[in-house]
Amino acid sequence: MKTKFSYKAFAAVALAGAAVIGVNAQMSLGTECGCPDLASRTDVNLTAIATGDELQGVTNLTCDNTYFIDDLLYVPSGAELYIEPGTVLRGVFGEDVDANALVVARGGKIFANGNEHCPIIFTDENDPLDGTYSVDIRGQWGSLILLGNAPNNLLLADGGLAVADGVGSIEGLLPNDSRNFYGGNDSDDNSGVLRYVSLRHGGTDIGEGNEINGLTMGSVGKGTVIEHVEVVANDDEGFEWFGGTVD
């Protein structure tokens, strides 16, 4: 089992799909699920409901609000983040030490359970979501990172990302912060659910030409559900796996 898999083709498919279906895809913003129109939603900075840089306990995000990812924010071990279908989250622009992204740490869970008519959309703060935002606009914020306790083939003796045998520090984030570690012995590890989720215009540069992937998965286990997820206009890989057993 290789430690790292990278599929830029997935991103290309998402881009091609966006070009074909255009406005129709952009306009699916949850109204069929009873969500208010975008202009009527209340803006909420996630740092306002976080404790420091963590969303602790159980956090519920609802589609009557638009949420701004205005920091490098964590769902730490033991915490759960629930996102209602039709919800829009916007990444605030930032680079290098000011890069903004959402990280689900080992032991944390995200339940972003959208559906065909009411997807959950992560995009950048300036996207009007009316089909006019160019796919050439990339790298405006970080994106979504899932870290789990499933196996990988890292060995400390090999150096690189390893901090111990079978444990690594995910690329691009601080290696001395244990919340950025991934790997373990639980093939059935569960990081939650991503279903009908769209990740757009991410991949900001976090230093030395290192961009965040659209969806980064470090040792994510097969208890995690990932279905109908697209990456659009990211500045690095669309999907990137570092070990793990997720289907």
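Note that the structure is predicted; figures quoted are calculated from it, not measured.

J.: Help me understand the overall build of the chain in this model?
T.: Helix and strand counts for the chain stand at one helix and 18 strands. Taking as baseline every contact in the chain between residues at least 6 positions apart, the subset at least 24 positions apart corresponds to 73%. When the accessible area of the chain is evaluated, it comes to approximately 10,400 Å², of which 49% is carbon and sulfur surface.

J.: Looking at this structure, I do not really get the pattern of salt bridges. What am I missing?
T.: Going through the model one piece at a time under the given rule, you end up with six salt bridges. Within this structure, Asp53, Glu54, Asp177 and Arg179 form a network of salt bridges that share partners.

J.: What exactly am I supposed to notice about the side chain of Thr123 here?
T.: Examined against the element boundaries, Thr123 turns out to sit in strand 10 (residues 120–124). One polar contact links Thr123 to Asp127, side chain to side chain, over a distance of 2.8 Å. Ignoring anything within four residues of it in the chain, the contact list for Thr123 reads Leu89, Arg90, Gly91, Leu129, Trp141, Arg200 and His201.

J.: Mind showing me how you'd approach the pairing of strand 9 (residues 109–113) here?
T.: Regular strands place side chains that alternate from one sheet face to the opposite one. In terms of strand pairing, strand 6 (residues 80–83) meets strand 9 through four bridges, oriented parallel. Its bridge partner lying in strand 9, Ile83 is registered against Ala112. As paired elements, strand 9 and strand 15 (residues 192–200) share four bridges and run parallel to each other. Within strand 15, the residue paired with Ala112 across the bridge is Leu194.

J.: Before we go on, may I ask you to explain unusual backbone geometry in this structure?
T.: A negative phi holds for most residues other than glycine; trans holds for most peptide bonds. For His201, which is not a glycine, the phi torsion comes out positive at approximately 60°. Locating His201 in the fold gives a position in the loop between strand 15 and strand 16 (215–218).

J.: Looking at this model, I keep getting lost on the packing of aromatic side chains. Mind explaining?
T.: This model, assessed by the stated rule, comprises four aromatic pairs. Here Phe239 and Trp241 contribute two aromatic rings whose centre-to-centre distance is 6.2 Å and whose plane-to-plane angle is 20°, an arrangement assigned as stacked. With respect to burial, Phe239 and Trp241 carry one shared label: buried. The cationic tip of Arg179 hangs over the ring face of Tyr74; the distance from NZ or CZ to the ring centre is 3.8 Å.

J.: What is the right way to look at the state of the cysteines in this model?
T.: Linking two cysteines covalently via their sulfur atoms produces the bond known as a disulfide. The tally for this structure, following the rule as stated, stands at two disulfides. Disulfide pairing is shown between Cys33 and Cys118; the S-S distance is 2.0 Å. Across the disulfide from Cys33 to Cys118, rotation about the S-S bond amounts to roughly 115°, and the bridge is consequently right-handed. Of this pair, Cys33 sits in the loop between helix 1 (8–26) and strand 2 (42–45) while Cys118 sits in the loop between strand 9 and strand 10; the two residues are 85 residues apart in sequence, bridging distant segments of the chain. With a sulfur-sulfur separation of 2.2 Å, Cys35 is cross-linked through a disulfide to Cys63. Here the S-S torsion is close to -100°, and the disulfide linking Cys35 with Cys63 is therefore left-handed. Of this pair, Cys35 sits in the loop between helix 1 and strand 2 while Cys63 sits in the loop between strand 3 (58–61) and strand 4 (65–69); the two residues are 28 residues apart in sequence, bridging distant segments of the chain. Sequential numbering of the bridged cysteines in the chain gives the disulfide pattern 1-4, 2-3.

J.: Explanation requested: the environment of Asn45 in the structure shown.
T.: Checked against the element boundaries, Asn45 lands in strand 2. Take Asn45: its relative accessible area is 38%, and that puts it in the partly exposed class. Considering only alpha carbons, one finds Asn45 and Arg90, 45 residues apart in sequence, at a separation of 9.4 Å. With residues near it in sequence (within four places) discarded, Asn45 still touches Phe68 and Asp70.

J.: Just checking my understanding: could you explain the nonpolar core for this structure?
T.: Proteins that are soluble and globular tend to have nonpolar side chains buried together. Of all hydrophobic cores here, the largest spans 33 residues; its most connected members are Ile110 and Phe122. If you tally residues by element for this core, the top one is strand 15, at three residues. Not counting residues within four places of it along the chain, the set of residues in contact with Ile110 comprises Leu81, Ile83, Leu102, Val104, Leu144, Leu146, Ser191, Gly192, Val193 and Leu194. With 14 residues, the next largest nonpolar core counts Ala99, Ala101, Val103 and Tyr182 among its residues.

J.: Could you clarify how one ought to interpret the sheet that holds strand 13 (residues 167–169) in this entry?
T.: Two pairing modes exist for strands in a sheet, parallel and antiparallel, and in both the strands are linked by backbone hydrogen bonds. In spatial order, the strands read 12-13-14; together these three strands make up an open sheet with antiparallel pairing. Two strands close off the open sheet at either side, each with one partner strand: strand 12 (162–164) and strand 14 (181–182). Across two bridges, strand 13 lies against strand 14 in antiparallel orientation. Across the sheet, Gly168 pairs through a bridge with Tyr182, a residue of strand 14.

The rules behind the values
Residues numbered from 1 in each chain as written. Predicted model: local features only at pLDDT ≥ 70, side-chain atom pairs only at ≥ 80, totals over all residues. Heavy atoms only, no water. Helix = DSSP H or I, 4+ residues; strand = E, 2+ residues; numbered from the N terminus. Contact = heavy atoms within 4.5 Å. Areas by Shrake-Rupley, 256 points an atom, 1.4 Å probe, with all protein chains shown as cover. Salt bridge = Lys/Arg side-chain N within 4 Å of Asp/Glu carboxyl O. Polar contact = N/O pair within 3.5 Å; in protein donor to acceptor, adjacent residues only side chain to side chain. Pairing = 2+ DSSP bridges. Phe/Tyr/Trp six-rings, centres within 6.5 Å; stacked < 30°, edge-to-face > 60°. Buried < 20%, exposed > 50% of the residue type's maximum accessible area, 1.4 Å probe, protein only. Lys NZ or Arg CZ within 6 Å of the ring centre and 35° of its normal. Disulfide = S-S within 2.5 Å. Core = buried A, V, L, I, M, F, W, Y, C linked by side-chain atoms within 4.5 Å.

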